[in-house]
Amino acid sequence: ADIEKADTFVYLNENMETWVPKVEKSINTKNTKIIKASQGMVLLPGIEEEDHDHGGEEHHHEYDPHIWLNPQNAIGMVKNIEEELCNIDPQNKEYYQQNAENYIKQLTNLDNEIETTIKESKKNKIAFGGTFAYAYFIQRYNLQYVSAYDSCGENSEPSVTKVKEVIDYMKENNINVIFYQELSAGKIADTISKETGATKLVFHTIHNASQEEINNGETYISLMQKNLQNLKQALS
């Protein structure tokens, strides 16, 4: 009902908000303009994972929707939103353009800082002991990784064999940090940490935020900066 009352509705893509196509059919798109933020972007193949929005049911993502973990994709999303807002509300075109330009500068600086950090590090291998939604980040910065999980869902625990693979990989490559997802118990990361002596650190998917983070005014930039600081430790 709120969407139908809105002038503009922005969503990521139908692989993340799987319910959007149904809503789109039921609202008057003459009154409510719809912006797909990831329009024109190439998505990576997806996998079976937990449905975060619909009570933990299993569903299939034909494509991986977590495109924002590549800051260059975040820039593309800003450009898509800016372009559509300028079309919808041309009177305020300069306002949208200026805001987009300012934010793109921040995103570009973030992207450059991450890229420089990784290029200047002696290591390029990292390990994930929690659910995995980081394919776009890994691809953007050409990192090598090992993960206990294949997907973002925590419904199926990894096998003992898979966990042992991660432990062995970390020992062979002298990896001293095991990452896990925000708002997660990190049980598998705990097990791996005990076996390897590695430090447990959060790597934010920026898929969810705690109430404390919301109250503190955390943003995409600030959470990605936290990821960068933890990444520096992992690659040191």
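Our subject is the structure listed above.
Here is what the cut-offs are and how they apply
Residues numbered from 1 in each chain as written. Predicted model: local features only at pLDDT ≥ 70, side-chain atom pairs only at ≥ 80, totals over all residues. Heavy atoms only, no water. Axes fitted to C-alpha atoms, helices over the stretch in contact; angles between N-to-C directions. Helix = DSSP H or I, 4+ residues; strand = E, 2+ residues; numbered from the N terminus. Parallel < 35°, antiparallel > 145°, perpendicular 65-115°, else oblique. Contact = heavy atoms within 4.5 Å. Nonpolar A, V, L, I, M, F, W, Y, C, P; charged D, E, K, R; others polar. Core = buried A, V, L, I, M, F, W, Y, C linked by side-chain atoms within 4.5 Å. Buried < 20%, exposed > 50% of the residue type's maximum accessible area, 1.4 Å probe, protein only. Polar contact = N/O pair within 3.5 Å; in protein donor to acceptor, adjacent residues only side chain to side chain.

**A look at the packing of helix α4 (residues 93-120) against helix α9 (residues 220-235)**
Move 1: Two numbers describe how α4 lies on α9: the axes approach to 10 Å, and their chain directions differ by 5 degrees. Regarding the angle of α4 to α9, the classification is roughly parallel. Across from Tyr103, Gln106, Leu107, Leu110, Glu113, Ile114, Thr117 and Ile118 in α4, the residues of α9 making contact are Tyr220, Ile221, Met224, Gln225, Leu228, Leu231, Lys232 and Leu235.
Move 2: Broken down by class, the residue content of the contact of α4 with α9 amounts to eleven nonpolar, three polar and two charged.

**Here's the deal with the nonpolar core**
Move 1: Formed by 41 residues in total, the largest nonpolar core has its most connected members in Ile126, Phe137, Phe179 and Tyr220.
Move 2: At the level of secondary structure, the elements contributing two or more residues to this core comprise α3 (71-88), α4, β5 (125-128), α5 (135-141), β7 (177-180) and α9.
Move 3: At eight residues, α9 tops the list of elements feeding residues into this core.
Move 4: Within the second largest apolar cluster, 16 residues are counted, among which are Tyr149, Tyr180, Ile188 and Ala198.

**Comments concerning the environment of Lys123**
Move 1: With respect to the helices, strands and loops of the structure, Lys123 is situated in the loop between α4 and β5.
Move 2: Since its relative accessible area comes to 18%, Lys123 is described here as buried.
Move 3: Counting along the chain gives 14 residues from Lys123 to Asn109, while the straight-line C-alpha distance between them is 22 Å.
Move 4: Residues in contact with Lys123, not counting those within four places in the same chain, are Ile118, Asn174, Ile175, Asn176, Ala234, Leu235 and Ser236.
Move 5: A distance of 3.3 Å separates the side chain of Lys123 from the backbone oxygen of Ser236, its partner in a polar contact.

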